[in-house]
Amino acid sequence: MKKKLISTITLASLLIGLAAYSNINKNNANNLTTSNKTNVSLLANTSTSKSTFEKGYHDYAGVIGKTMPIKMSIYKLDNDIVGTYYYDSQRKVIKLKGTLTNNNLVLYEYTSDGKNTGIFKGTMNTADQIAGTWISVDKKKSYPFTLSLTSFLPGSEYGKRYAVAVDKVSDQSVEAFANNIQNYISTDNKKLLAESIEYPINVKINNKLIKIQNKDAFINNYDKIFYQNFKKELINSYAKNMFANYKGVMFGAYTHNLWINAIIAKNGTAKLMITTINN
């Protein structure tokens, strides 16, 4: 089987996509005036062709009000900005669709059955930051929000976020695999976790880099590899809008994580496997 070469991942490599914006001056973001009603025609008729927002997935972290942390991922698709966001406390994915015109961003949020529940109105002077106001659809609630860019996946095709690492394996399959791995870790299912790893694989044991050759060696060293703090990081991670580049798909935190790749067998079939453990 072929295996993609994986090197030790540093924080700098995770942020490589941000280089596209290093020469853009940062300005203070200003709130937009609240609209009187949802203007559905805005979605179809407003062009984003003059926007500095580049092709690819833009991932943000921030807060609505002072107490509601959120994560957002948006993408320029033709004349629209589309994406999703979720509250850290709930992890329920909410769909987004809107426009970006002259640095003014409008995003309508929708439930799974298409019901509009709120609007983000903000300014994006550069892609590094968005600031503005979130407004409930009945306009009874409004809160300021700020979002900062955490990662950028340049050139990614919409709906194929992880293709740079796993080619034709679907985004849904990658996230389902990461969810299964998370479940194996939370339940200490050593056997199934061991079967999900491509060997040999390097890990740290007692601060020394050790090469694990097979499933038996992994199971024997499981408690030393997946120590409590490492397990906690992975159990608390969310398998949605994960970072990806040519080295793989990262599940976990920036410093403690697992990397996933599609391993191609001789018959041409692809199987998702853990190819790097940064513990």
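Residues numbered from 1 in each chain as written. Predicted model: local features only at pLDDT ≥ 70, side-chain atom pairs only at ≥ 80, totals over all residues. Heavy atoms only, no water.

**Some thoughts on the sheet that holds strand 13 (residues 257-264)**
Strand pairs in the sheet, formed through backbone hydrogen bonds, run parallel or antiparallel to each other.
Here is step 1 of the chain: Strand order in this open sheet of four strands is 11-12-13-14, and the pairing throughout is antiparallel. The strands lining the two open edges of the sheet, one partner per strand, are strand 11 (244-245) and strand 14 (270-278).
Here is step 2 of the chain: In the sheet, strand 11 pairs with strand 12 (residues 248-252) via two bridges, with the strands oriented antiparallel. Across the sheet, the residue bridging to A244 is V249, located in strand 12.
Here is step 3 of the chain: Packing of helix 4 (residues 171-186) onto the sheet brings it into contact with strand 12, strand 13 and strand 14, and relative to strand 14 it is tilted by some 50 degrees.
Here is step 4 of the chain: Against the sheet, helix 8 (residues 228-235) engages strand 12, strand 13 and strand 14, with an angle of about 65 degrees to strand 13. (Pairing = 2+ DSSP bridges. Helix = DSSP H or I, 4+ residues; strand = E, 2+ residues; numbered from the N terminus. Contact = heavy atoms within 4.5 Å. Axes fitted to C-alpha atoms, helices over the stretch in contact; angles between N-to-C directions.)

**Focus on the side chain of R161**
Here is step 1 of the chain: Topologically, R161 is positioned in the loop between strand 8 (142-154) and helix 3 (163-166).
Here is step 2 of the chain: Classification of R161 as buried rests on a relative accessible area of 2%.
Here is step 3 of the chain: Among the polar contacts listed, one links the side chain of R161 to the side chain of D59, at a separation of 2.5 Å.
Here is step 4 of the chain: Residues contacting R161, with those up to four places away along its chain left out, are Y57, D59, S73, L153, S156, D171, N241, M242, F243 and A244. (Buried < 20%, exposed > 50% of the residue type's maximum accessible area, 1.4 Å probe, protein only. Polar contact = N/O pair within 3.5 Å; in protein donor to acceptor, adjacent residues only side chain to side chain.)

**What to know about the packing of helix 4 against helix 8**
Here is step 1 of the chain: Packing of helix 4 against helix 8 leaves a shortest axis separation of 9 Å and a crossing angle of 145 degrees. Where helix 4 crosses over helix 8, the two elements pack in a sense that is left-handed. Counted together, Q182, I185 and S186 of helix 4 and K231, L234 and I235 of helix 8 form the full contact between these two elements.
Here is step 2 of the chain: Residue composition of the contact of helix 4 with helix 8, by class: three nonpolar, two polar and one charged. (Left-handed = near helix turned anticlockwise from the far one by under 90°. Nonpolar A, V, L, I, M, F, W, Y, C, P; charged D, E, K, R; others polar.)

**Concerning the pairing of strand 10 (residues 208-212)**
Here is step 1 of the chain: Sheet analysis places strand 9 (residues 201-205) next to strand 10, joined by five bridges and oriented antiparallel. Pairing of N202 across the sheet is with K211, part of strand 10.

**Brief notes about the pattern of salt bridges**
Once the charged atoms of two side chains with opposite charge are near each other, the side chains can pair.
Here is step 1 of the chain: The final tally for this structure, using the stated rule, is seven salt bridges.
Here is step 2 of the chain: When the shortest N-O distance is used, the salt bridge between D188 and K231 registers 2.7 Å. Here the residue D188 occupies a position in the loop between helix 4 and helix 5 (190-194), and K231 occupies one in helix 8, the gap between them amounting to 43 residues. (Salt bridge = Lys/Arg side-chain N within 4 Å of Asp/Glu carboxyl O.)

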